Amino acid sequence: MCGIFGCILTEGKAAPVIHAALKRLEYRGYDSAGEATIYDGHLYMKKDVGKIDQIHSHLNLDDLPGKLGVGHTRWATHGAPSKENAHPFVDCKDRIAVVHNGIIENFLELREGLEKSGHIFKSRTDSEVIPHLIEDFTAKGSNLAEAVRQVSQKLKGSFAIAVISVDEPDKIVCARRESPLVIGIQGKSLYCASDVPAFLPLTNKALFLEENEMALLTAKGVKVFSLKTGESKHFEISTITWSPEMAKKSGYRHFMLKEIHEQPLSLRNALRTQELYYDLMAATINSASRVFLVACGTSYHACLAAAYMFSKIAHIDAKSVEASEFIEHYGTILDRNCAVLAVSQSGETADTLTAIRFAKECGASILGITNVMGSTITRLSSVYIGQNSGPEIGVAATKTFTAQLVVLAKLAIKLAEKRGKITPPESKLLKKNLIEIPEIIETILSENEGKLKHLAEKYWNRSSVCFLGRGINVATVLEGRLKLLEVAYIPALAYPAGESKHGSIAIVEKGYPVIFVSPGGNAYSKIIGNIMEMKARGADILALIEKDDKEIKKLTDEYVEIQSNIPEIFTPIAYVVPLQLFAYYMAIERGSDPDKPRNLAKSVTVE
Ligand code: F6R
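Nothing here was measured: the structure is a model prediction, and the numbers come from that model.

Conventions adopted
Residues numbered from 1 in each chain as written. Predicted model: local features only at pLDDT ≥ 70, side-chain atom pairs only at ≥ 80, totals over all residues. Heavy atoms only, no water. Helix = DSSP H or I, 4+ residues; strand = E, 2+ residues; numbered from the N terminus. Polar contact = N/O pair within 3.5 Å; in protein donor to acceptor, adjacent residues only side chain to side chain. Contact = heavy atoms within 4.5 Å. Near = heavy atom within 4 Å. Core = buried A, V, L, I, M, F, W, Y, C linked by side-chain atoms within 4.5 Å. Buried < 20%, exposed > 50% of the residue type's maximum accessible area, 1.4 Å probe, protein only. Pairing = 2+ DSSP bridges. Axes fitted to C-alpha atoms, helices over the stretch in contact; angles between N-to-C directions. Phe/Tyr/Trp six-rings, centres within 6.5 Å; stacked < 30°, edge-to-face > 60°. Lys NZ or Arg CZ within 6 Å of the ring centre and 35° of its normal. Parallel < 35°, antiparallel > 145°, perpendicular 65-115°, else oblique. Left-handed = near helix turned anticlockwise from the far one by under 90°. Nonpolar A, V, L, I, M, F, W, Y, C, P; charged D, E, K, R; others polar. Salt bridge = Lys/Arg side-chain N within 4 Å of Asp/Glu carboxyl O.

Engineer: Just give me the short version of the side chain of S158, but keep the residues and values in it.
Structural biologist: Secondary-structure assignment places S158 in strand 7 (residues 157-165). One polar contact links S158 to R272, side chain to side chain, over a distance of 3.5 Å. Dropping the residues within four chain positions of it, S158 is found in contact with H100, N101, G102, I103, I104, R177, E178, S179, N269 and R272.

Engineer: Which residues make up the site of the ligand, and what values do they have?
Structural biologist: Near the ligand lie 14 residues; those nearest to it are S299, S344, S346, T349 and E486. The contact in question runs from an oxygen atom of the ligand to an N or O atom on the backbone of T298, over 3.1 Å. A distance of 2.5 Å is found between an oxygen atom of the ligand and a side-chain nitrogen or oxygen belonging to S299. Counting only elements with at least two residues in the shell around the ligand, the list comes to helix 10 (297-314) and helix 16 (473-488).

Engineer: For the nonpolar core, give the residues involved together with the corresponding values.
Structural biologist: Buried together is how nonpolar side chains tend to be arranged in soluble globular proteins. Grouped together as the largest cluster of nonpolar side chains are 95 residues, with contacts concentrated most on F310, L484 and F570. With 14 residues, the single largest contributor to this core is helix 19 (residues 571-589). If we ignore the near neighbours within four places in the chain, the residues touching F310 are I285, L293, H315, I316, A318, L408, L411, A412 and L415.

Engineer: Any details on the pairing of strand 4 (residues 68-74)? Residues and values, ideally.
Structural biologist: For strand 4, the tally of buried residues reaches 7 of 7 residues, placing the bulk of the element in the interior. Neither face of strand 4 is exposed, since L68, V70, H72 and R74 on one face and G69, G71 and T73 on the opposite face are all buried. Sheet topology places strand 2 (residues 32-39) next to strand 4; 7 bridges connect them, and they run antiparallel. Among the inter-strand pairings, T37 is bridged to a residue of strand 4, identified as G69.

Engineer: Residue-level account of the sheet that holds strand 20 (residues 383-386), with values.
Structural biologist: A sheet is described by the order of its strands in space; here 5 strands give the open sequence 17-16-18-19-20, paired in parallel fashion. With one partner strand each, in any of the chains shown, strand 17 (318-322) and strand 20 form the two edges of the open sheet. Pairwise comparison of adjacent strand axes, ignoring direction, gives a mean angle of 20° for this sheet. Bridge count between strand 18 (residues 338-344) and strand 19 (residues 365-370): 6 bridges; the pairing is parallel. Counted as the bridge partner of A339 is S365 from strand 19.

Engineer: How would you explain helix 1 (residues 14-24) if you had to name every residue and give the values?
Structural biologist: The complete set of buried residues in helix 1 reads A14, A15, V17, I18, H19, A21 and L22. The secondary structure elements touched by the buried residues of helix 1 are strand 1 (3-8), strand 2, helix 2 (52-59), strand 4 and strand 10 (189-193).

Engineer: Tell me about the pairing of strand 25 (residues 558-562), residues and numbers included.
Structural biologist: Side chains E558, V560 and I562 project from strand 25 onto a buried face, and the interleaved Y559 and E561 project onto a face without burial. The pairing of strand 24 (residues 540-546) with strand 25 spans 5 bridges and is parallel. Counted as the bridge partner of A543 is Y559 from strand 25.

Engineer: Go over the sheet that holds strand 25, please, and point to the residues and values.
Structural biologist: One open sheet accounts for 5 strands, arranged 22-21-23-24-25; its pairing is parallel. For this open sheet the edge positions go to strand 22 (492-496) and strand 25, each flanked by a neighbour on one side alone. Each adjacent strand pair in this sheet contributes to an overall mean axis angle of 15°, direction not counted. Note that strand 21 (residues 465-469) and strand 22 share 5 bridges and pair parallel. Bridging from a neighbouring strand, G469 pairs with P496 of strand 22. Relative to strand 23 (residues 513-517), helix 17 (residues 524-536) is tilted by about 175°, and along the sheet it contacts strand 21, strand 23 and strand 24. Most of the contacts of helix 19 go to strand 24, to which it runs at about 140°, and overall it touches strand 21, strand 23, strand 24 and strand 25.

Engineer: Can you tell me about the packing of aromatic side chains, naming the residues and giving the values?
Structural biologist: Counted by the stated rule, this structure contains 7 aromatic pairs. With a centroid separation of 5.4 Å and 75° between ring planes, the pair formed by Y30 and W75 is classed as edge-to-face. You can see Y30 sitting in the loop between helix 1 and strand 2 and its partner W75 sitting in the loop between strand 4 and strand 5 (89-90), a full 45 residues away along the chain. Since its relative accessible area comes to 34%, Y30 is described here as partly exposed. W75 gets classed as buried once you look at its relative accessible area, which sits at 6%. Site record: aromatic cluster; members linked through ring pairs are F5, Y191 and F199. The aromatic ring of F137 is capped on one face by K140, whose charged end is 5.1 Å from the ring centroid. It is R598 that lies over the ring of Y489; its NZ or CZ is 3.8 Å from the centre.

Engineer: Tell me about the packing of helix 15 (residues 424-459) against helix 19, and name the residues and values.
Structural biologist: At a minimum axis distance of 8 Å, the contact between helix 15 and helix 19 shows a crossing angle of 30°. The angle between the axes of helix 15 and helix 19 places the two elements in the roughly parallel class. Of the two elements, helix 15 crosses helix 19, and the hand of that crossing is right-handed. Broken down by class, the residue content of the contact of helix 15 with helix 19 amounts to 18 nonpolar, no polar and 4 charged.

Engineer: Help me get a handle on the pattern of salt bridges, residues and values and all.
Structural biologist: Inspection of the entire model under this criterion finds 30 salt bridges. For R28, the salt bridge identified is with D195, shortest N-O distance 3.7 Å. Of the two residues, R28 is situated in the loop between helix 1 and strand 2 and D195 in the loop between strand 10 and strand 11 (205-208); the sequence distance between them amounts to 167 residues. When sorted by exposure, R28 lands in the same class as D195, which is buried. Two residues, D279 and K414, come together in a salt bridge whose shortest N-O distance is 3.7 Å.

In short, shape yes, function no, at least from these values alone.
See below:
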């Protein structure tokens with residue numbers, strides 16, 4: 001989730017305007033940044049690794065000349081944070097500059113072709129193929145806008161781009177597919193950006209580009225075209241009524257809610273990560289005699305679900321371990337035959353780093369899944385996969401949890417294939433089902449948010465809540481509880497449902513809320529028994545059930561329906577979403593700030 005910006009001004013220098021806009025977009029990414037402008041037949045560019053203020057303090061981003069330019073603030077996906085990997089990217093002749101947000105899935109094959117025909121690359125990013133492809137099309141006679149359109153047909157994946165060229169110095173061409181892009185209009189001065197906050201202090205007139213549209217910005221105004229056909233398109237200009245603070249949250253009241261709603265997008269991005277790394281990671285896990293999944297908090301819950309996935313479809317015994325317990329529990333048996341997969345959103349959690357440093361010293365293979373490229377985990381791991389969630393600002397992990405689950409599910413499928421535990425048609429079907437999850441989450445969000453708000457209004461003043469599930473959804477209920485604890489400060493329990501009768505049932509009394517995560521599948525009939533046990537003691541039964549559920553629905557006081565027949569190993573990805581919303585609205589009802597829970601930090605760098 002990077003931030004892009006471009007502007008054409010009627011007067012004054014573009015560079016300080018770009019710099020200020022990038023600062024306002026820094027919440028979308030902040031590991032490197034850069035700007036490019038055009039003036040008097042030349043392209044001027046400055047970029048570096050670091051936060052914008054650091055870069056500006058030694059490069060002075062404001063002194064590039066010209067009234068037109070583009071800028072970028074980066075959140076690394078392909079290629080670690082570095083000066084070379086910072087945007088803008090240019091063609092071989094330094095005449096075309098491009099800023100890009102998104103992921104080009106087929107960049108390796110495009111790059112190979114370009115290199116064969118003599119193009120020189122300076123970075124390890126997916127984005128750099130774009131200016132080189134544009135260079136080829138313009139060399140063959142296309143104008144800049146047509147070249148961008150042609151290039152877009154070659155790109156697989158997601159992109160929002162802004163392109164400038166010395167050969168057509170009076171225009172910015174921008175285009176989007178699956179990544180956001182909005183045009184700001186202030187008289188004859190025009191802006192393009194990933195998000196409204198970039199230009200909101202300058203204008204509240206905005207044109208939101210639709211999927212597969214491109215725009216041509218010149219001093220004469222904006223024109224919009226279809227990216228597929230090149231046909232001109234009608235557009236409407238909206239007036240933004242958000243305050244700058246609201247705009248950063250895309251109009252949502254809190255980042256936590258925004259990030260819950262971002263999950264369809266972040267999951268599509270997580271699904272885009274590259275096959276090669278899955279292959280390498282699966283090979284390492286497959287050849288290990290012991291496999292450990294190590295993490296803290298929410299990331300540990302992702303590991304717990306992954307242990308079920310690995311066992312169910314790949315027949316691998318992987319132990320999920322809280323990082324803070326890892327050395328004490330398994331320190332004596334670690335050796336070079338072990339594989340340790342560390343999962344960490346930040347890549348900097350001290351307990352997780354200590355665990356993998358220790359394992360590495362014992363000779364174990366270290367693997368990593370993280371949201372922060374360039375973080376310590378990426379440096380300690382022999383193979384790592386980036387989950388591509390973009391920055392998560394709410395302290396409570398939401399979109400990064402479901403993205404971890406998607407990456408782990410893809411890894412489980414790869415392992416199952418490698419070990420011959422699923423047939424090619426089974427694997428194909430699972431992959432298809434996984435690709436459908438973002439859309440299922442879209443539906444969950446649109447159909448159930450009101451209901452979850454209502455449940456929070458009903459239960460907000462309870463002194464405790466219990467979450468129960470079975471099988472892989474033990475991970476889901478643990479995560480549901482953690483969300484409620486950390487943002488609404490309600491002491492809550494979460495258990496495998498079968499365990500509840502061994503102790504925790506003692507606290508159940510009339511009206512005590514018990515939330516069951518109960519999709520169909522292996523555990524269905526058993527969970528009905530657990531519901532009956534709780535009901536017999538007067539509990540209020542709230543259940544997350546399938547849409548065509550017949551039995552559980554009749555036993556509940558409240559239920560939330562989710563699409564039927566999601567493969568069991570993927571159910572946590574969908575079923576956790578209502579629990580995130582429940583925790584959020586419980587926090588709101590209780591008057592706490594879900595974005596900044598007391599006593600917690602986003603990244604815990606002490607043991
Ligand atoms: C909970 C939460 C924490 C983190 C934990 C690990 O909402 O955010 O429990 O999951 O501190 O953090 P990472 O994944 O950065 O290692």
